Amino acid sequence: MKRAFSIAALLLFSFAALAQSSGFPLLDEYVEKWKEGQQTFFGYPVNEQSALHSFYEWYLKTGMDVVNMNNAGDPMTDTPEKMSSHLFEREVIEFFAPLYGFEKDKVWGLVSHSGTDGNNHGIYFGAKYLYNTTQKMPIVYVSDEAHYSNLRLCDLQNLEVKLIKSDLMGRMIPEELEKALDPSRPALVVYAMGSTFKGAIDDQQALNAVLDKYPEMAVFRHLDAALFGGYLPFTEHSYMVDRKIQRFDSIAISGHKFFGIDSPCGLFLCTREVYDNQNSFNVTYLNGNMRMINCSRDAVQPLKFWWLIQTMGAEKWSEQAQQIMECTAYLKQELDKIAWPCWVNEHSNTVFFKRPSEEIIKKFTLALGQDKHFSGPLAHIVVMQHVTKEKIDTFIKALNESKN
């Protein structure tokens, strides 16, 4: 009986292995390597516990995998195109709008290609809004620790930009913003809701107080909230991404970070007033106005976002956000216990610390940085859903042993 059971188990294992094989050795090797490193992928802001398995079962079962859709056009119109997912894209926008302080009847948005695409729309829409309402081109103000996409996008759009010095923890310094301001020109200010390496959050209220000193100066505020805009709405700190309190005009959030969508996408939201003050590009064959940057747009990503709203929703996302905050505090606590120099910004899930050995960096896929104010070479961990306390214990043990 035991031998028969062993043979049956072996056959089941063999069939499972064959089922998982693509028939292409190079591809299968790539998959195995990725899966092996997936659970200790600590240095980058992605959720390695995607909840899309059921989506793909539905997608294949219904034959949607052979349907070619395109979300070109405005998803907020009343007449969604037949071969698009505009209907679902609009529901996604309307679900998230109140979480960021937008009124459903006064919001415009889309599911973007990425956080960078969201920033591109924020800067483009902001510049066009300011020019079309003042007849003056704006100056862009952004911190020197904000995501690199902002500076590149200003270069792409040929906009004048001023980098504003940040403090030691990576937050834009209000006094430095005031020094750089040119009140004779409109100001397009990009706030970092989680800087790239230190996870810093710009103090919007302090920076707004500076801008308020110049009431004659037209201002557009874009919030780059790629990662933090995902989890903060589901915490007690949701006011930090509420435009009714913080007064931003547009916001960009990533879908492939906190929400766990398995390829780059995101959300871009702005007021209807901002959208209505964009340049018009009427396209007859789409029966619509193409004010957004992109023409062809992915129609599957809105379906994934919509699916996650139905299957995860605010309750489960709140649980995950709480876990992330608890594990971030735990990581900081355990690093302190072994006297490893480390730092974390308030409300941030990013802990940065003295750079460890190459072996540790490679094993846990850490992201690297450099700052002379913090002992020079640094690394960081972004605490996402898969970075549990048990895995943190494994990291701390390896780190502590590397000291000896």
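Predicted, not measured: the structure shown is a model, and the values here were computed from it.

1. Description of the sheet that holds strand β1 (residues 107–112)
Strand order in the open sheet formed by 7 strands is β1-β7-β6-β5-β4-β2-β3, with mixed pairing between adjacent strands. Each edge of the open sheet carries a strand with a single partner, namely β1 and β3 (161–164). The average undirected angle you get between the axes of adjacent strands in this sheet is 15°. With 6 bridges joining them, β1 and strand β7 (residues 266–271) adopt antiparallel strand pairing. Residue pairing for β7: glycine 109 is matched across the bridge by leucine 269.

2. Let's talk about the confidence of the model for the protein chain
Mean pLDDT over the protein chain stands at 92; residues scoring 70 or higher make up 94%. Overall, residues 1–19 carries pLDDT values under 50, and its contacts beyond four positions in sequence, including any with other chains, amount to 0 contacts.

3. Quick look at the side chain of histidine 386
Along the chain, histidine 386 turns up in the loop between β13 (376–382) and α15 (389–403). Taking the relative accessible area as the measure of exposure, histidine 386 reaches 0% and is therefore buried. At a separation of 2.9 Å, a polar atom in the side chain of histidine 386 contacts the main-chain carbonyl oxygen of phenylalanine 41. Aside from chain neighbours lying at most four places away, what touches histidine 386 is Gln38, Gln39, Phe41, Val46, Asn47, Glu48, Gln49 and Lys391.

4. Quick notes on the sheet that holds β13
As summarised here, the arrangement of the 4 strands in space is β10-β11-β13-β12, forming an open sheet in which the pairing is antiparallel. Both outer strands of the open sheet, β10 (342–344) and β12 (367–371), are each paired with one neighbouring strand and no more. Here the average twist between neighbouring strands, direction ignored, is 30°. Summarising the sheet, β10 and strand β11 (residues 350–354) pair through 3 bridges and their orientation is antiparallel. By the bridge assignment, valine 344 is partnered in β11 with valine 351.

5. A few points about the pairing of β13
Of all 7 residues making up β13, 6 are buried, and the element is well covered by its neighbours. In this structure, β11 lies alongside β13, joined through 5 bridges in antiparallel fashion. Across the sheet, the residue bridging to threonine 350 is valine 382, located in β13. Sheet topology note: the β12/β13 ladder contains 5 bridges and is antiparallel. Bridge pairing links aspartate 371 to glycine 376 in β13. Joining the antiparallel neighbours β12 and β13 is a turn of 4 residues, in which serine 375 adopts a positive phi near 65°.

6. Observations concerning the environment of histidine 86
Relative to the helices and strands, histidine 86 resides in helix α4 (residues 86–96). By relative accessible area, histidine 86 is classed as buried at 3%. Taking C-alpha positions, histidine 86 is 22 Å from alanine 226, a pair spaced 140 residues apart along the chain.

7. With respect to the packing of helix α5 (residues 115–134) against helix α6 (residues 148–156)
Where α5 meets α6, the axes come as close as 10 Å, and the angle between the chain directions of the two elements is 50°. Classified by the interaxial angle, the pair formed by α5 and α6 is oblique. Where α5 crosses over α6, the two elements pack in a sense that is right-handed. Touching Thr116, Asn119, Asn120 and Ile123 of α5 are Ser149, Asn150, Leu153, Cys154 and Leu156, all from α6. Broken down by class, the residue content of the contact of α5 with α6 amounts to 4 nonpolar, 5 polar and no charged.

Parameters at a glance
- Position labels on residues start from 1 in each chain and follow its written sequence.
- Under the rules for a predicted model, residues below a pLDDT of 70 receive no local features and side-chain atom pairs below 80 are neither given nor counted, while totals for whole chains, interfaces and linings still include all residues.
- The side-chain quantities take in all heavy atoms of the structure and omit both hydrogens and water.
- Strands were regarded as paired on the criterion that DSSP finds at least two bridges between them.
- Counting from the N terminus, the helices are the DSSP runs of H or I reaching at least four residues and the strands are the DSSP runs of E reaching at least two.
- Here an axis means a line fitted to C-alpha atoms, over the contact stretch when the element is a helix, while the angle between two N-to-C directions is reported on a 0 to 180 degree scale.
- For every residue, the predictor assigns a confidence score, pLDDT, that lies between 0 and 100.
- The criterion used for residue contact is that any of the two residues' heavy atoms lie within 4.5 Å.
- Here's how the labels work: a residue is buried when its accessible area is under 20% of the maximum for its type, exposed when over 50%, partly exposed in between, all with a 1.4 Å probe on protein chains only.
- Under the rule applied, a polar contact is a pair of N or O atoms within 3.5 Å (in protein, one hydrogen donor and one hydrogen acceptor; residues adjacent in sequence only if both atoms are side-chain atoms).
- Working rule for angles: under 35 degrees goes down as roughly parallel, over 145 as roughly antiparallel, 65 to 115 as roughly perpendicular, anything else as oblique.
- We call a crossing left-handed when the near helix sits turned anticlockwise from the far one by less than a right angle, and right-handed when that turn is clockwise.
- Residue polarity follows a fixed list, in which Ala, Val, Leu, Ile, Met, Phe, Trp, Tyr, Cys and Pro are nonpolar, Asp, Glu, Lys and Arg are charged, and the others, Gly among them, are polar.

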